[in-house]
Amino acid sequence: GLFPWESHYRAIPPRVFIEEFLEGEGSAGLVDYKVFVLHGSPVLVRVMTDRRKGRFSRAVYGTQWQPLDAVRPPLPWQDADAWVAASDVPRPPLLPVLLDVSRKLAADMPFVSVDAYLVDGEVYVGELTFSPAGGAVPFPYAFDVALGARFDVA
């Protein structure tokens, strides 16, 4: 059931976790914020929303909530109806808290995506992801290169 490009998860023993159910407001459902942190510094926020419709809308923002041109169209083998660019996603009031939590959780890591939800004035961390989408996050090539240039592998 795992994607073949996320084979590192196979070594983790299966477990069942029961968590509190989180529900978003409005018709878009729960909004998923994915903060990419490089060497302890948040650099961008991927936003995924509208997941109740069998697809999702996505957008990418800088840490000051400036829209970034970082959403590429689907590739020929991907379902074009499932990939929708999100229109203006409002700046979340908890953005400074989300970025601070992400900074603290990722302080000693070269790269991690802090995946979180903002519900009822609280930040809920869903997971820390070390290889979002198996390292195949759909960024345009130029954006991928610019982001990679900030990643120090030494």
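Our structure's up above, just so we're on the same page.
Residues numbered from 1 in each chain as written. Predicted model: local features only at pLDDT ≥ 70, side-chain atom pairs only at ≥ 80, totals over all residues. Heavy atoms only, no water.

Novice: I would appreciate a short explanation of the nonpolar core in the present structure.
Specialist: Generally speaking, soluble globular proteins have nonpolar side chains that are buried together. Within the largest apolar cluster, 19 residues are counted, with the highest numbers of intra-cluster contacts made by Y33, V35, V45, V47, W65 and L98. Broken down by secondary-structure element, the contributors of at least two residues to this core are strand 1 (32-38), strand 2 (41-49), strand 3 (56-61), helix 1 (95-105) and strand 5 (111-119). Per element, the largest residue contribution to this core is four residues, and it comes from strand 5. Ignoring any residue separated from it by four or fewer positions in sequence, one finds W65 in contact with Y33, V45, V47, V89, P90, R91, P92 and L95. Counting residues in each nonpolar core, the second largest holds 10 residues, with V60, A70, F111 and F139 among its members. (Core = buried A, V, L, I, M, F, W, Y, C linked by side-chain atoms within 4.5 Å. Buried < 20%, exposed > 50% of the residue type's maximum accessible area, 1.4 Å probe, protein only. Helix = DSSP H or I, 4+ residues; strand = E, 2+ residues; numbered from the N terminus. Contact = heavy atoms within 4.5 Å.)

Novice: Hey, could you run me through the pattern of salt bridges in this one?
Specialist: This structure, assessed with the given rule, holds four salt bridges. Among the ionic pairs, K34 bridges to D32, the shortest N-O distance being 3.1 Å. Neither residue differs from the other here; K34 and D32 are each classed as buried. A salt bridge links D100 to R103; its shortest N-O distance comes to 3.6 Å. Taken together, the residues span about one helical turn, with D100 and R103 both in helix 1 at a distance of three residues. On the accessibility criterion, D100 (30% relative accessible area) is partly exposed. Given a relative accessible area of 37%, R103 falls into the partly exposed group. (Salt bridge = Lys/Arg side-chain N within 4 Å of Asp/Glu carboxyl O.)

Novice: How should I be thinking about the pairing of strand 5 in this particular structure?
Specialist: In summary, the side chains of a regular strand alternate between the two faces of the sheet. Burial within strand 5 is extensive, with eight of its nine residues counted as buried. Bridge analysis of strand 1 against strand 5 gives six bridges, and the strand direction is antiparallel. Bridged to V35 within strand 5 is V114. Pairing analysis gives seven bridges linking strand 5 to strand 6 (residues 122-129), with the strands arranged antiparallel. Paired with A116 across the bridge in strand 6 is V125. What sits between the antiparallel neighbours strand 5 and strand 6 is a turn of two residues, in which D120 has the positive phi angle 50°. (Pairing = 2+ DSSP bridges.)

Novice: Before we go on, may I ask you to explain the packing of aromatic side chains in this structure?
Specialist: Both the distance between ring centres and the angle between the ring planes are used here to describe each pair of aromatic rings. Evaluation of the coordinates by the stated rule reveals three aromatic pairs. Between Y33 and W65 the ring centres are 6.4 Å apart and the planes differ by 50°, which places this aromatic pair in the tilted class. A residue pair is termed long-range when its members are at least 10 positions apart, and Y33 in strand 1 and W65 in the loop between strand 3 and strand 4 (83-85) qualify at 32 residues. Three or more aromatic residues joined by ring pairs form one cluster here, namely Y33, Y61 and W65. (Phe/Tyr/Trp six-rings, centres within 6.5 Å; stacked < 30°, edge-to-face > 60°.)

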